[in-house]
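Chain by chain, the residues:
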Amino acid sequence: MKKIFILFALFALMLCISTQADEKDVSVWVDMQRVEGAFIENGVTYVPIRAFYNASGAESVEWDGEKRVATVKLEGTEIKIFADKEYMSANGRYIFLGKPAKNVDGRMCVAIRLLAKTVNGDVTWDGENKRVYVESGGVMLCGDKFYDETDVLWLSRIIYAESRGEPFEGKLAVGCVVMNRVESDEFPDDVYSVIFDRKYGVQFTPTSNGTINNTPDESCVIAAKLCLEGVRVADDALYFVNERIAKSAWVSRNREKVMEIGNHTFFN
């Protein structure tokens, strides 16, 4: 019995080692240059950022250990990848990572498709040979041209007024509720009108108590811009409430619960 157990354990170890080897067996090419250090994890291909941007022709890739941020200079623009943030910035735009960049043997690694966005790149996957090809097309359209100033202003204000004490994901979720309403036939079709909608009474308390006019902090502005980029962490949620202080139970009684983040419960 003991021998059988040992053999089983050895087989499991060999299978694990084999799987890990297969996961790393991928090659990445950027503008016909091989990028070393690529690996696959949970079906996603990651590459070290320095290797990726060197292949993209970056002027410099510098690491600030005190601020824990890598800064890339590329074609007159600046790209920042933060070690402890769920997002990165490029040319005044924000890209959602979901989780902070991975640290692999002292190298910061990010999913290849997300890095490709920063160079306006086309990504091609050769499944037979386990190769990824990226053809860069220049830097992303800058934030000043991509974001609507009015949308950023009011979306960041409602996020701040409703969730300034919430985790970053909670801020994103509040912004997602507004954007989901913009995209829904049940509500107005622009950010400002959704926030100030009073067809069935006040929709967001800050519009009646004046806190909508408070100046949002940087994290709320970033959350707003990520929502405008298309990030949707709250699925199809159209409502949210803090059930501990809510004066009405209409939403919880009439809408399906989607998720909870911090002090807020989200409903569709």
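Caption draft 1: Geometry of the overall build of the protein chain. Looking only at helices and strands, one finds ten helices and 16 strands in the protein chain. Per-residue burial for the protein chain yields a buried fraction of 43% across its 268 residues. Restricting to contacts in the protein chain with at least 6 residues of sequence separation, those with at least 24 account for 51%. Side chains of the protein chain give 32 positive and 40 negative charges; the mean places of these two sets differ by 6 Å.

Caption draft 2: Highlighting the pattern of salt bridges. Tallying each qualifying case throughout the model produces eight salt bridges. For Asp84, the salt bridge goes to Arg68, with nearest N and O atoms at 2.9 Å. Taken together, the residues Asp84 in the loop between strand E7 (77-82) and strand E8 (87-90) and Arg68 in the loop between strand E5 (60-64) and strand E6 (69-74) connect sequence positions 16 residues apart. Across the salt bridge formed by Arg255 and Glu186, the nearest N and O atoms sit 3.5 Å from each other.

Caption draft 3: Representation of the packing of helix H5 (residues 149-163) against helix H6 (residues 168-182). Direction vectors running N to C along H5 and H6 enclose 125 degrees, while the axes themselves pass 9 Å from each other. By the angle between their directions, the pair H5 and H6 is classed as oblique. The handedness of the crossing between H5 and H6 is right-handed. Every residue of H6 that contacts H5 at Leu155, Ile158, Ile159, Glu162 and Ser163 is listed here: Gly170, Lys171, Val174, Gly175, Val178 and Met179.

Caption draft 4: Quick look at H5. When the terminal C-alpha atoms of H5 are compared, their 21 Å separation across 15 residues agrees well with the 21 Å that a helix rising 1.5 Å per residue should span. Of all the positions in H5, only Val152, Trp154, Leu155, Ser156, Arg157, Ile158, Ile159, Tyr160, Ala161 and Ser163 are classed as buried. Those residues of H5 that are buried lie in contact with H6, helix H7 (191-195), helix H8 (206-209), helix H9 (218-228) and strand E16 (264-267). For H5, the N-terminal capping position is held by Asp148, with its side-chain oxygen 2.9 Å away from the main-chain nitrogen of Thr150.

Caption draft 5: Just the sheet that holds strand E4 (residues 44-48), in detail. Overall, antiparallel pairing links the four strands, which are arranged E3-E4-E11-E10 in an open sheet. Looking at which strands have only one partner, the edges of the open sheet turn out to be strand E3 (39-41) and strand E10 (102-104). Neighbouring strand axes in the sheet, compared pairwise and without regard to direction, differ in orientation by 40 degrees on average. The pairing of E10 with strand E11 (residues 107-111) spans three bridges and is antiparallel. For Val104, the partnering residue across the bridge sits in E11 and is Arg107.

Caption draft 6: Structural view of the sheet that holds E6. Taken in spatial order, the five strands of this open sheet run E5-E6-E7-E8-E9, and their pairing is antiparallel. Single-partner strands in this sheet number two, and they are E5 and strand E9 (93-96). Going across the sheet, the axis of each strand differs from the next one's by a mean of 20 degrees, ignoring polarity. As judged from the three bridges shared by E7 and E8, these two strands associate in the antiparallel manner. Bridge pairing links Ile81 to Met88 in E8. Packing against the sheet, H9 makes contact with E8 and E9, and its axis sits at approximately 75 degrees to E9.

Caption draft 7: Fine view of the nonpolar core. With 45 residues, the main nonpolar core has Leu155 and Phe266 as its most contacted residues. Contributions of two or more residues to this core are made by H5, H6, H7, H9, strand E14 (239-241), strand E15 (257-261) and E16. In this view, Leu155 contacts Gly175, Val178, Met179, Val191, Ile195, Ala224, Cys227 and Leu228; residues no more than four positions away in its chain are not counted. Within the second largest apolar cluster, 39 residues are counted, among which are Phe39, Ala58, Val72 and Ala101.

What counts, and where the lines are drawn
- Within each chain, residue numbers correspond to sequence positions counted from 1 in written order.
- Side-chain atom pairs in this predicted model are given and counted only at pLDDT of 80 or more, local residue features only at pLDDT of at least 70, and totals for whole chains, interfaces and linings cover all residues.
- In computing side-chain values, all of the structure's heavy atoms are included and hydrogens and water are not.
- Starting at the N terminus, helices and strands are each numbered in turn, a helix being any DSSP run of H or I of at least four residues and a strand any DSSP run of E of at least two.
- Type-normalised accessible area, obtained with a 1.4 Å probe on protein chains alone, sets the label of each residue: buried when under 20%, exposed when over 50%, and partly exposed for intermediate values.
- Two residues form a contact once any of their heavy atoms are found within 4.5 Å.
- Positive charge is attributed to Lys and Arg, negative charge to Asp and Glu, and no charge count is given to His or to the chain ends.
- The atoms used to mark charge sites are NZ of Lys, CZ of Arg, CG of Asp and CD of Glu.
- Any carboxyl oxygen of Asp or Glu that lies within 4 Å of a side-chain nitrogen of Lys or Arg is treated as forming a salt bridge with it.
- The convention used is that axes are lines fitted to C-alpha atoms, helices contributing only their stretch in contact, and that angles between N-to-C directions extend from 0 to 180 degrees.
- Note on terminology: angles under 35 degrees are roughly parallel, angles over 145 are roughly antiparallel, angles of 65 to 115 are roughly perpendicular, and the others are oblique.
- Whether a crossing is left-handed or right-handed is set by the direction in which the near helix is turned from the far one by less than a right angle, anticlockwise for left-handed and clockwise for right-handed.
- For a helix, the expected span equals 1.5 Å multiplied by the residue count minus one.
- Counted as a polar contact is a pair of N or O atoms within 3.5 Å, where, for protein atoms, one must be capable of donating a hydrogen and the other of accepting one, and residues adjacent in sequence contribute only when both atoms are in side chains.
- For two strands to pair, DSSP has to find at least two bridges joining them.
- We call a set of buried residues a nonpolar core when its members are Ala, Val, Leu, Ile, Met, Phe, Trp, Tyr or Cys and they connect through side-chain atoms within 4.5 Å of each other.

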